[in-house]
Amino acid sequence: MPNLGTTEKLIFTITSGGAGVISQTPTIVIQKQSNSYFFNGVGFTPTYTELTMVEESFANFPGRYFYSFN
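Residues numbered from 1 in each chain as written. Predicted model: local features only at pLDDT ≥ 70, side-chain atom pairs only at ≥ 80, totals over all residues. Heavy atoms only, no water.

## Side note on the packing of aromatic side chains
Then, in step 1: Applying the stated rule across the entire model yields 4 aromatic pairs.
Then, in step 2: With a centroid separation of 5.4 Å and 70 degrees between ring planes, the pair formed by Phe 38 and Tyr 48 is classed as edge-to-face. Of this pair, Phe 38 sits in strand E5 (residues 38-39) while Tyr 48 sits in the loop between strand E6 (44-45) and strand E7 (51-52), placing them 10 residues apart in sequence.
Then, in step 3: The class for Phe 38 is buried, based on a relative accessible area of 12%.
Then, in step 4: Note on Phe 39 and Phe 69: the rings are 4.8 Å apart at their centroids and 85 degrees apart in plane angle, and the pair reads as edge-to-face. Of this pair, Phe 39 sits in strand E5 while Phe 69 sits in strand E9 (residues 61-69), and the two are 30 residues apart along the sequence. We note that Phe 39, like Phe 69, is buried.
Then, in step 5: An aromatic cluster is defined as three or more aromatic residues linked by ring pairs; in this entry it consists of Phe 39, Phe 44 and Phe 69.
Then, in step 6: Against the face of Phe 61 rests Arg 64, its NZ or CZ located 5.0 Å from the ring centre. (Phe/Tyr/Trp six-rings, centres within 6.5 Å; stacked < 30°, edge-to-face > 60°. Helix = DSSP H or I, 4+ residues; strand = E, 2+ residues; numbered from the N terminus. Buried < 20%, exposed > 50% of the residue type's maximum accessible area, 1.4 Å probe, protein only. Lys NZ or Arg CZ within 6 Å of the ring centre and 35° of its normal.)

## Re the environment of Ser 36
Then, in step 1: Position of Ser 36 relative to the elements: it lies in the loop between strand E4 (27-28) and E5.
Then, in step 2: Residues Ser 36 and Tyr 48 lie 12 residues apart in sequence; the distance between their C-alpha atoms is 9.6 Å.

## Regarding the environment of Thr 27
Then, in step 1: Mapped onto the elements of the fold, Thr 27 is located in strand E4.
Then, in step 2: Since its relative accessible area comes to 40%, Thr 27 is described here as partly exposed.
Then, in step 3: Residues Thr 27 and Leu 51, 24 residues apart in the sequence, show an inter-C-alpha distance of 5.2 Å.
Then, in step 4: Those residues in contact with Thr 27, other than ones at most four positions away along the chain, are Glu 50, Leu 51 and Thr 52. (Contact = heavy atoms within 4.5 Å.)

## Details of the nonpolar core
Then, in step 1: Counting residues in hydrophobic clusters, the biggest one holds 8 residues: Ile 28, Ile 30, Phe 39, Leu 51, Met 53, Tyr 65, Tyr 67 and Phe 69.
Then, in step 2: Here the element with the most residues in this core is E9; it accounts for 3 residues.
Then, in step 3: When neighbours within four sequence positions are excluded, Ile 30 is seen to be in contact with Leu 10, Tyr 37, Phe 38, Phe 39, Phe 44, Leu 51, Tyr 67 and Phe 69. (Core = buried A, V, L, I, M, F, W, Y, C linked by side-chain atoms within 4.5 Å.)

## So, the sheet that holds E9
Pairing between the strands of a sheet is mediated by backbone hydrogen bonds and can be parallel or antiparallel.
Then, in step 1: In space, the 3 strands of this open sheet follow the order E1-E9-E8, with antiparallel pairing throughout. The strands lining the two open edges of the sheet, one partner per strand, are strand E1 (8-13) and strand E8 (54-57). For this sheet the average axis-to-axis angle between neighbouring strands, irrespective of direction, equals 40 degrees.
Then, in step 2: Pairing between E8 and E9: 3 bridges, direction antiparallel. If you follow Val 54 over to E9, its bridge partner there is Phe 66. (Pairing = 2+ DSSP bridges. Axes fitted to C-alpha atoms, helices over the stretch in contact; angles between N-to-C directions.)

Written as structure tokens, this is what we have:
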């Protein structure tokens, strides 16, 4: 469970044949359990919102994507 006021780094890794897959655009959805609102990158709204994850480093961590959430 995340702590209030801290930044959580959500990590997703895409692999194929044991190797990281680069240059992808994975998305995530963050939904608040208490009222089912969705995070839009700034705050929570009732509108469904997909957030684009960022490729960490295609050279050092191929296939690893993240989204930092506070």
